[in-house]
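Listed below, chain by chain, are the residues.
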Amino acid sequence: AFFSKLAAKTRLVVGSCGSYMYMDQRRPDPSCVPLWDTGISHSCPMFPTHSLNDSFNDYKFGLMKVPHRFAYFARFADSSSPFVRESISTFVGQLDLRLFVSSEDVCNCGTRGYVLPPFCVKNHTCMDTWPDGNSNHLPVSPAAMLQGSNRLQRALNYIAYMKLL
């Protein structure tokens, strides 16, 4: 496989991502992405294959339509290929993934109907980057919302997804 020559585990440390790159067309079940803070014990056991006609699987959310400058990702776009599945499985098995996310990474100021915890509003303004900033950077496109309704939920969903690979 492509990654089989890695001698040691690769440690990847990321913090409070707004979205994640999925390796195939599976995404969290709609029951795993409610529009409220589901807390640190949130779990998602179901990842059905989506076949939506929008850009849910395009780069940066997936491996389709990868920009030319990142062409090395293109070889992984065909998740039905045994070579690709084995390569991804080998890589994930050798990956020591650390996600730093807070129990307060649950603000979503851009989605109508999202139930905001009180600490997301400062001086009558919703801020999904508080306390690190006073702006809103959480992606809320349909592709992003398939992953979860806030950073904590997306991180916990992604951890569960990675365990399936």
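Undergrad: Before we move on, could you go through the overall build of the protein chain and cite the residues and values that matter?
TA: Counting its secondary structure elements, the protein chain contains three helices and four strands. Counting from the amino terminus, helix and strand elements in the protein chain follow one another as β-α-β-β-β-α-α. For the protein chain, the residues scored as buried account for 41% of the 165 residues in total. Excluding contacts between residues fewer than 6 apart, the proportion of contacts in the protein chain whose partners are at least 24 apart in sequence is 66%. Split by element, the accessible area of the protein chain, about 9400 Å² in all, is 56% carbon and sulfur.

Undergrad: Can you break down unusual backbone geometry residue by residue, with the values?
TA: Across the junction of Y59 and K60, the peptide omega takes the value 20°, indicating a cis bond. Position of K60 among the secondary structure elements: in the loop between strand 1 (10-15) and helix 1 (82-93). Residues other than glycine seldom take positive phi values, yet H124 does so here, at roughly 65°. As for its placement among the helices and strands, H124 is situated in the loop between strand 3 (121-122) and strand 4 (125-126). Assessed through its relative accessible area of 83%, H124 is described here as exposed.

Basis of the calculations
- Residues numbered from 1 in each chain as written.
- Predicted model: local features only at pLDDT ≥ 70, side-chain atom pairs only at ≥ 80, totals over all residues.
- Heavy atoms only, no water.
- Helix = DSSP H or I, 4+ residues; strand = E, 2+ residues; numbered from the N terminus.
- Buried < 20%, exposed > 50% of the residue type's maximum accessible area, 1.4 Å probe, protein only.
- Contact = heavy atoms within 4.5 Å.
- Areas by Shrake-Rupley, 256 points an atom, 1.4 Å probe, with all protein chains shown as cover.

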